[in-house]
Amino acid sequence: MTKPAYKRVLLKLSGEALMGDDAYGINRATIERMVADVAEVSRMGVELAIVIGGGNIFRGVAPGAQGMDRATADYMGMLATVMNSLALGDAMRQVGITARVMSAIGIEQVVEPYVRPKALQYLEEGKVVIFAAGTGNPFFTTDTAAALRGSEIGAELVLKATKVDGVYTADPKKDPTATRYATISFDEAIARHLQVMDATAFALCRDQKLPIKVFSIVKPGALKNLIMGGDEGTLVHV
Ligand SMILES: Nc1ncnc2c1ncn2[C@@H]1O[C@H](COP(=O)(O)OP(=O)(O)OP(=O)(O)O)[C@@H](O)[C@H]1O
Ligand SMILES: O=c1ccn([C@@H]2O[C@H](COP(=O)(O)O)[C@@H](O)[C@H]2O)c(=O)[nH]1
């Protein structure tokens, strides 16, 4: 078998994608399918860290949070990512993959705190590390957490797994005429206000020279293909 193209990557999974066809929460078949993809790559010896969003449960900027203090709503969003992280870790355990969930906010009875050297040790031991609670700060998103943790652990690439198969000229769900970029620079993505990821995440990855691949989590085999160096999704580069 040919070797994977990457040794260590940060995978950002969309929380919203966890819903599958449901209106809310975690769809069992969907999480099992995602975990099967992740397990395949982990078994190939790739060191894998994961950040998962919370959009399937709660977002600080969602209509359900209207009228709330923004920081409080954002803490609720971070707690939503803890729930998704626990579900993901448990689903991995069920397929024989050892995962460690580490939280950016103190919640020690439930999940261990994020300590960078410990996270690095887990990765070197071949465990999958799931970073929960985003950056631990309100007014941010899990995309920014992915950029931050990806930079901290020295990932070679951030893989943004989402419901669309790359970065488009406009949101393809709203504009059917939108076309997909094969590659795009961080500066252009920011200047064009492309909403597939937030500008803070793009800017951090640009400054750290950490490339991002945006690809479809729904497409079977896409994650493995990408890890093997295959042509998949959109590369966002310096
Ligand atoms: N220019 C664009 N190209 C591609 N997708 C875009 C673009 N603009 C907006 N989008 C939308 O961005 C979404 C990707 O964001 P996604 O929901 O994965 O991230 P998220 O907000 O981090 O999710 P979650 O909070 O659930 O983790 C796509 O589903 C797509 O509809
Ligand atoms: O660093 C962070 C990360 C997330 N949040 C809050 O959580 C929700 C869910 O995250 P998504 O990235 O949208 O999936 C987000 O809307 C924020 O409310 C945060 O405050 N800080």
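Residues numbered from 1 in each chain as written. Chains lettered and ligands numbered in written order. Predicted model: local features only at pLDDT ≥ 70, side-chain atom pairs only at ≥ 80, totals over all residues. Heavy atoms only, no water.

In the annotation of an unreviewed UniProt entry, the chain is listed under the name Uridylate kinase and assigned to Undibacterium nitidum. Quoted verbatim from the Catalytic activity (unreviewed entry) field of UniProt, the annotation for the chain is "UMP + ATP = UDP + ADP". UniProt, in the comment section headed Pathway (unreviewed entry), describes the chain in these words: "Pyrimidine metabolism; CTP biosynthesis via de novo pathway; UDP from UMP (UMPK route): step 1/1." (UniProt positions renumbered as here; feature names shortened; annotations may be inferred.)

**Student:** Looking at this model, I keep getting lost on the UniProt feature "domain: Aspartate/glutamate/uridylate kinase" (unreviewed entry) in the chain. Mind explaining?
**Tutor:** On the UniProt side, "domain: Aspartate/glutamate/uridylate kinase" (unreviewed entry) is annotated at positions that read residues 7-216 here. The span residues 7-216 carries 36% helix and 18% strand; its end-to-end C-alpha distance comes to 21 Å. (Helix = DSSP H or I, 4+ residues; strand = E, 2+ residues; numbered from the N terminus.)

**Student:** Looking at this model, I keep getting lost on the site of ligand 2. Mind explaining?
**Tutor:** In the neighbourhood of ligand 2, 17 residues make up the surrounding shell, with Gly54, Asp74, Thr135, Asn137 and Thr142 lying closest. Within the backbone of glycine 54, a nitrogen or oxygen atom sits 2.8 Å from an oxygen atom of ligand 2. With respect to ligand 2, the side chain of threonine 135 contributes an N or O atom lying 2.7 Å from an oxygen atom. Isolated, ligand 2 exposes 450 Å² of accessible area, and the fraction of that covered by the protein chains is 94%. Of the pockets mapped on this structure, ligand 2 occupies the largest pocket. With three residues, helix α2 (residues 70-94) is the single largest residue contributor to the shell around ligand 2. Across the shell around ligand 2, the residue classes tally to five nonpolar, 10 polar and two charged. (Near = heavy atom within 4 Å. Polar contact = N/O pair within 3.5 Å; in protein donor to acceptor, adjacent residues only side chain to side chain. Areas by Shrake-Rupley, 256 points an atom, 1.4 Å probe, with all protein chains shown as cover. 1 Å grid on protein atoms, 1.4 Å probe; cavity = no way out; pocket = protein on both sides within 12 Å on 5 of 7 lines; lining within 4 Å. Sits in = over half its atoms within 2 Å of the grid points. Nonpolar A, V, L, I, M, F, W, Y, C, P; charged D, E, K, R; others polar.)

**Student:** Any chance you could explain the site of ligand 1 here in plain terms?
**Tutor:** Lining the immediate surroundings of ligand 1 are 21 residues, of which Lys12, Glu16, Arg59, Thr162 and Asp171 lie closest. Contact between ligand 1 and arginine 59: an oxygen atom at 2.7 Å from a side-chain N or O atom of the residue. Protein coverage of the free-state accessible area of ligand 1, which is 640 Å², stands at 88%. More than half of the atoms belonging to ligand 1 lie within 2 Å of the grid points that define the largest pocket. Each residue belonging to the shell around ligand 1 can be placed in one class, and the counts come to seven nonpolar, seven polar and seven charged.

**Student:** What is the right way to read the nonpolar core from this model?
**Tutor:** Across soluble globular proteins, nonpolar side chains show a tendency to be buried alongside one another. Among the nonpolar cores identified, the biggest contains 40 residues, and Leu11, Leu13, Ile50, Leu88, Met92 and Leu159 are the most heavily contacted of them. Among the elements of the structure, β1 (8-13), α1 (28-43), β2 (47-52), α2, β3 (99-103), β5 (128-132), β6 (157-162) and α7 (222-227) are those that each provide at least two residues to this core. Setting aside residues no more than four positions away along its own chain, methionine 92 makes contact with Val35, Val38, Ile50, Ile97, Ala99, Val128 and Ile130. Ranked by size, the runner-up nonpolar core spans 31 residues in total, among them Ile153, Ala155, Phe186 and Cys205. (Core = buried A, V, L, I, M, F, W, Y, C linked by side-chain atoms within 4.5 Å. Buried < 20%, exposed > 50% of the residue type's maximum accessible area, 1.4 Å probe, protein only. Contact = heavy atoms within 4.5 Å.)

**Student:** Sorry, what's going on with α1 here?
**Tutor:** For an α-helix, the turn length of 3.6 residues means that residues three or four places apart are oriented alike. In this model α1 runs 22 Å from its N-terminal to its C-terminal C-alpha over 16 residues, within 8% of the 22 Å that 1.5 Å per residue would give. Restricting attention to buried positions, one finds in α1 the residues Thr30, Ile31, Met34, Val35, Asp37, Val38, Ala39, Val41 and Ser42. As for α1, its buried residues are in contact with β1, β2, α2, β5 and α7. At the N-terminal end of α1, a side-chain oxygen is found 3.2 Å from the backbone nitrogen of alanine 29, two or three residues along, and the residue is asparagine 27. A positive phi of about 95° marks glycine 45, the residue just after α1. (Expected span 1.5 Å × (residues − 1).)

**Student:** Hey, could you run me through unusual backbone geometry in this one?
**Tutor:** For residues that are not glycine, phi is negative in most cases, and the peptide bond is trans in most cases. Phi is positive for histidine 193, which is not a glycine, with a value near 55°. One can find histidine 193 in the loop between α5 (186-191) and α6 (199-207).

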